Amino acid sequence: MPELPEVETVRRGLTPVLEGARLSRVRINRPDLRFPFPGRFVERLEGATVLRIDRRAKYLLAPLSTGETWITHLGMTGRFTLDGTLLGEFEEAAPIAGKHEHFSGCAIRDGAATRVGYADARRFGFMGLISSDQIETHPWFAGLGPEPLGNGFSGAHLGEAFAGKKQNIKVSLLDQRIVAGLGNIYVCEALYRARISPLVAAGSVSKARLERLATEVRNVLNDAIAAGGSTLRDFANAEGGQGYFQHRFDVYGREGEPCRGENCTGVVARIVQGGRSTFYCPSCQKR
Ligand SMILES: [Zn+2]
């Protein structure tokens, strides 16, 4: 499933093609993905110019010259292609079959057209069009916490959000009202890097350790974005290969394997918290 770094990598891949481009020949091949496409979706996109490509949490936002914003959520298997070339792939999967491409259009800029496709085999993704001045209050965005890579996210912010909280820090960090777009994998990785046990009560962690945690959240996301970016470049240059992100996780998915910490003889453990798997090293992350 694409997490924030993958969505950010897709945003960076789409930007040079879509920013400043006029949309034309837009087509959809069914009335819905996870949700129905908005009414007159094709007509509202046709002829509009994309001002830029933004990201909020795991949403891609394309503000348009028409005053509306075209929104895409990749769900679990959503992928964009540019002139048939895949923009990032999130799991080892068969090549996109034509029947899974549900959206296509042309981005026209400087007289050149690039074909933009969106495929989504499982259709957990969706697209929307929202008036650009109503994004903040729309149910998809209202109540979202600060972006983990933005200025509003810090140890001090976590300290305020966690004050008095008896819930464990792992589940608390997944709360989108506290920080937006942070998913299970990167919460596990950030807690490991910060040497904080996923079991401690969020409200019991010192300010200094929350500062360290905020730094490690940013580091782990930036590392993954950098890796995704390089994969994207390699992929664009490769001939016919099926590129996909090859993240190297320290704890995620490594149950029973040795901890990679220097001088640590611990073994990565898996527990379930809030219905989700938590991977951690009980030796390094004692409290
Ligand atoms: Zn360890």
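No experiment lies behind these values; they were computed from the predicted model shown.

## Topic: the coordination of the zinc ion
- Protein coordination at the zinc ion comes from Cys259 (SG), Cys264 (SG), Cys281 (SG) and Cys284 (SG), with a distance range of 2.2 to 2.3 Å.
- Viewed at the metal, the 4 donor atoms of the zinc ion are separated by angles of 105 to 118°, and the geometry they form is tetrahedral.
- The sequence pattern describing where the donors of the zinc ion fall on their chain is C-x4-C-x16-C-x2-C. Placement of the pair is Cys259 in the loop between α6 (207–237) and β10 (269–273) and Cys281 in the segment after β11 (276–280), with a sequence separation of 22 residues.
- The class for Cys281 is buried, based on a relative accessible area of 0%.

## Thoughts on the UniProt feature "domain: FPG-type" (unreviewed entry) in the protein
- Mapped onto this numbering, the UniProt entry annotates "domain: FPG-type" (unreviewed entry) at residues 250–286.
- Structurally, residues 250–286 comprises 0% helix and 27% strand, and the distance from its first C-alpha atom to its last is 17 Å.

## Details of empty space enclosed by the protein
- For the coordinates displayed, the defined rule picks out 2 cavities of 30 Å³ or more.
- Estimated volume of the largest cavity: approximately 70 Å³.
- Considering the residues around the largest cavity, the lining is formed by Leu14, Leu18, Ile53, Leu60, Leu61, Ala62, Trp70, Thr72 and Phe80.
- Residue assignment for the lining of the largest cavity shows that the elements contributing at least two residues are α1 (4–18), β3 (59–63) and β4 (68–73).
- Sort the elements by how many residues they give to the lining of the largest cavity and β3 lands first, with 3 residues.

## Concerning the packing of aromatic side chains
- Counted by the stated rule, this structure contains 13 aromatic pairs.
- Considering the side-chain rings of Phe126 and Trp140, the 4.8 Å spacing of their centres and the 50° angle between planes classify their relative orientation as tilted. Remark: Trp140 occurs in the loop between β9 (126–131) and α3 (155–162) and Phe126 occurs in strand β9; sequence separation between them is 14 residues.
- A network of ring pairs unites the aromatic residues Phe35, Tyr59, Phe126, Trp140 and Phe141 as a single cluster.
- Here Arg195 stacks its cationic end above the ring of Tyr192, 4.9 Å away from the centre of that ring.

## Observations concerning the pattern of salt bridges
- Taken as a whole and judged by the stated rule, the model has 15 salt bridges.
- Arg52 is paired through a salt bridge with Asp54; the nearest N and O atoms lie 3.0 Å apart.
- Looking at Arg52, the relative accessible area reads 38%, which means it is partly exposed.
- Take Asp54: its relative accessible area is 26%, and that puts it in the partly exposed class.
- For the salt bridge of Arg177 with Asp175, the shortest nitrogen-to-oxygen distance reads 2.9 Å.
- Residue classification places Asp175 among the buried residues on the basis of a relative accessible area of 16%.
- A single salt-bridge network, built from bridges that share partners, covers Glu8, Arg11, Arg12, Arg55, Arg56 and Glu147.

## Describing the UniProt feature "binding site: DNA" (unreviewed entry) in the protein
- UniProt records the feature "binding site: DNA" (unreviewed entry) for His100, Arg122 and Lys165 in the present numbering.
- Inspection of the secondary structure puts His100 in the loop between β6 (85–86) and β7 (101–109).
- Using a relative accessible area of 23% as the deciding quantity, one classes His100 as partly exposed.
- Setting aside residues no more than four positions away along its own chain, His100 makes contact with Tyr118, Ala119, Asp120 and Ala121.
- Here Lys165 shows up in the loop between α3 and α4 (169–173).
- On the accessibility criterion, Lys165 (23% relative accessible area) is partly exposed.
- Setting aside its immediate chain neighbours within four residues, Lys165 contacts Ser172, Ile178, Ala201, Ala202 and Gly203.
- A distance of 3.5 Å separates the side chain of Lys165 from the side chain of Gln167, its partner in a polar contact.

Calculation rules
Residues numbered from 1 in each chain as written. Predicted model: local features only at pLDDT ≥ 70, side-chain atom pairs only at ≥ 80, totals over all residues. Heavy atoms only, no water. Donors = N, O, S within 2.8 Å, 3.2 Å for Na, K, Ca; no water. Tetrahedral: all angles 85-135°; square planar, octahedral: opposite > 155°, others 65-115°. Helix = DSSP H or I, 4+ residues; strand = E, 2+ residues; numbered from the N terminus. Buried < 20%, exposed > 50% of the residue type's maximum accessible area, 1.4 Å probe, protein only. UniProt positions renumbered as here; feature names shortened; annotations may be inferred. 1 Å grid on protein atoms, 1.4 Å probe; cavity = no way out; pocket = protein on both sides within 12 Å on 5 of 7 lines; lining within 4 Å. Points joined across faces, edges and corners; volume = space filled by probe spheres on them. Phe/Tyr/Trp six-rings, centres within 6.5 Å; stacked < 30°, edge-to-face > 60°. Lys NZ or Arg CZ within 6 Å of the ring centre and 35° of its normal. Salt bridge = Lys/Arg side-chain N within 4 Å of Asp/Glu carboxyl O. Contact = heavy atoms within 4.5 Å. Polar contact = N/O pair within 3.5 Å; in protein donor to acceptor, adjacent residues only side chain to side chain.

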